[in-house]
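# Descriptive analysis of the structure
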Number of protein chains: 2
Amino acid sequence: MAEERGYAKGRARRQQILEEAVRLFGEVGYRAASLRELAQRCGLSHPGLLHHVGDKESLLLAVLAHRDAADAAETGLLAAEGADRLDALVEVVRRNASRRAIVELHCVLSAEATAPDHPAHAFFVERYARTVASLASAFPGDADPVSAARRLVALVDGLQVQWLLDPDVDMAAELRRHVAGLRGAGDARLERADGRGRD
Amino acid sequence: MAEERGYAKGRARRQQILEEAVRLFGEVGYRAASLRELAQRCGLSHPGLLHHVGDKESLLLAVLAHRDAADAAETGLLAAEGADRLDALVEVVRRNASRRAIVELHCVLSAEATAPDHPAHAFFVERYARTVASLASAFPGDADPVSAARRLVALVDGLQVQWLLDPDVDMAAELRRHVAGLRGAGDARLERADGRGRD
DNA sequence: CCTACCGATCGGTAGG
DNA sequence: CCTACCGATCGGTAGG
C-alpha cells in the first residue's frame, strides 16, 4: 500500500515533468532549455529532476513519445467516430488553436531537429515519412497522392508558424479552404453539394 | 589610401561575420549560438568579434537585415524580367534548394521567434504581414486574396522543413503543383492554355 | 584587434 | 529526494 502510493506518486511526478517539459521546450527549444529551470517549475532540485529523467536527451525522447501517444489516442478517437480523414485533420487543427504549448513544441523542435546531429533528427524524419504516407491514402483518386499529402502537411505546419506569430490567423478555416479547393478541383464538379454550405 | 584600405578590410570582415552568422544561427538557432564559436569560425577572438558587432542581439538584427536586403534584390531582379508573381516565387524556391544555409536560417529563426520575448519576434511578425499582403495582389480574381496568399506562404514554409529533413523532397515541384491547382480551379477552365505545357 | 578577467549558468555526479 | 561540488562554457568588459 505504502509502495503503491510511492509508485503512484512517482508516476504523477513524471507526468508533471513531461508536461512542464513540453512547455519549456516549446518556449526556448531543446538546446537552450535548462534542466535547472525545468526543475524549478516542477518544484524540485535539478539533481532531483535528473533522478526521474536520467539525462537531458532521454527527457527529450520521453517528451516526444509522450506527445506521439497522446496524438495517436486523439486520432484514434476521431477515426472511431468514422470521420472522413481530411475532416478529422481539420478538427485536430481546430482543437490545436486552444493548445498553444503543443503547437509551439512541434514547430520549434521540428525546426531545431532539421540539424542532422540533433538528438530528435531521426525521430522527425521518421515521423514526417509516416504522416505523409498515412495521409496519402486520403487521396485515392489523385494522380500523385504522396504529393497531395505532402502539401497538406506542409500547409498545416506553415499555418502553425503564422498562427503562433499572429493569433488572429484562423488555421482551421485556412485548412478548410485548401481542402475545399482540392475537392472542387475533382473530375466531377460536386462543389458545395455537401458540408460547408449547411452550417 | 591607408584608411580606405582599412575601411575596406573592416567591411570585408563584417561581411564574413554576417555570412558565418547565417550558417551558425541556421545550425543551432540564436539562443544556442555562441559568440566564441562564431569568432573561431571567423578566425578571431570573441572580444574581436564583439568589436565588430556590438552585442549578440545587434548581430541577430544585422543578419536579418542582411538577408532581407539580399532577398529584396533577388526579387527585384526577377520582377524586372517581368515574370509572373507566382512563377517568380517558384523560381526563388527552386534556387533555395541549392542554399541550404539560408533555408535553415529562416526555418529555425522563425520558429524560435514565435516566442513573444524573442529579440526577432517583432521582425517576423512584421515580415509575414508584409509578405502575405504583398502576395495577396497576385490573386486579384480570388474571393479571398489574403487567404490564398497566406496558404501559399504556409505551404512554402512547410515544404522547407520537409526538405531540410529529406533532401529528396522537391520543393519547387510541389509548389508548382499547388499553383497549377489554383489556376485549374479558376472560373474559366483555361488550364494548360499557357506556360507549363510548352517547356 | 589581443589577453585576461568578471559573474552567471550549464549538464551531470558524489555522497548521503 | 537533498546539498555540495565538478569542469566547461556563456555574454560582456577592462585595459591596452
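Above: the structure in question.
Residues numbered from 1 in each chain as written. Chains lettered and ligands numbered in written order. Predicted model: local features only at pLDDT ≥ 70, side-chain atom pairs only at ≥ 80, totals over all residues. Heavy atoms only, no water.

The local shell around DNA strand C holds 17 residues, among which Ser34(A), Arg36(A), His46(A), Arg13(B) and Ser45(B) are the closest. Of everything in DNA strand C that lies within 4 Å of the protein, sugar and phosphate atoms constitute 47%. At 2.7 Å from a base nitrogen of DNA strand C is found a side-chain nitrogen or oxygen belonging to His46(A). At a separation of 3.0 Å, a phosphate oxygen of DNA strand C approaches a polar backbone atom of Lys56(A). Every element with two or more residues in the surface near DNA strand C is listed here: helix H2 (35-42) and helix H3 (46-53) of chain A together with helix H3 (46-53) of chain B. (Near = heavy atom within 4 Å. Polar contact = N/O pair within 3.5 Å; in protein donor to acceptor, adjacent residues only side chain to side chain. Helix = DSSP H or I, 4+ residues; strand = E, 2+ residues; numbered from the N terminus.)

The tally for this structure, following the rule as stated, stands at 38 salt bridges over all chains. The closest approach of N and O atoms between Arg151(B) and Glu174(A), which form a salt bridge, is 3.6 Å. Taken as a pair, Arg151(B) in helix H8 (residues 145-165) and Glu174(A) in helix H9 (residues 171-184) lie in two separate chains rather than in one. For Arg151(B), a relative accessible area of 10% corresponds to the buried category. (Salt bridge = Lys/Arg side-chain N within 4 Å of Asp/Glu carboxyl O. Buried < 20%, exposed > 50% of the residue type's maximum accessible area, 1.4 Å probe, protein only.)

Now for the interface of chain A and chain B. Facing 36 residues of chain A, the contacting portion of chain B comprises 39 residues. Interface of chain A and chain B: buried area, both sides summed, is about 3300 Å²; carbon and sulfur atoms make up 61% of it. Where Arg150(B) meets Glu174(A), a salt bridge forms, and the shortest distance between an N and an O atom there is 3.8 Å. Inspection of the region where chain A meets chain B yields 10 residue pairs in polar contact (both at pLDDT 80 or more). A total of 13 residues in the side of chain A that touches chain B trace back to one element, the largest contributor, which is helix H8 (residues 145-165) of chain A. Looking at the side of chain A that touches chain B residue by residue, the classes come out as 20 nonpolar, six polar and 10 charged. (Contact = heavy atoms within 4.5 Å. Buried area = accessible area lost by both parts, 1.4 Å probe. Nonpolar A, V, L, I, M, F, W, Y, C, P; charged D, E, K, R; others polar.)

What is shown is where atoms sit, not what they do.
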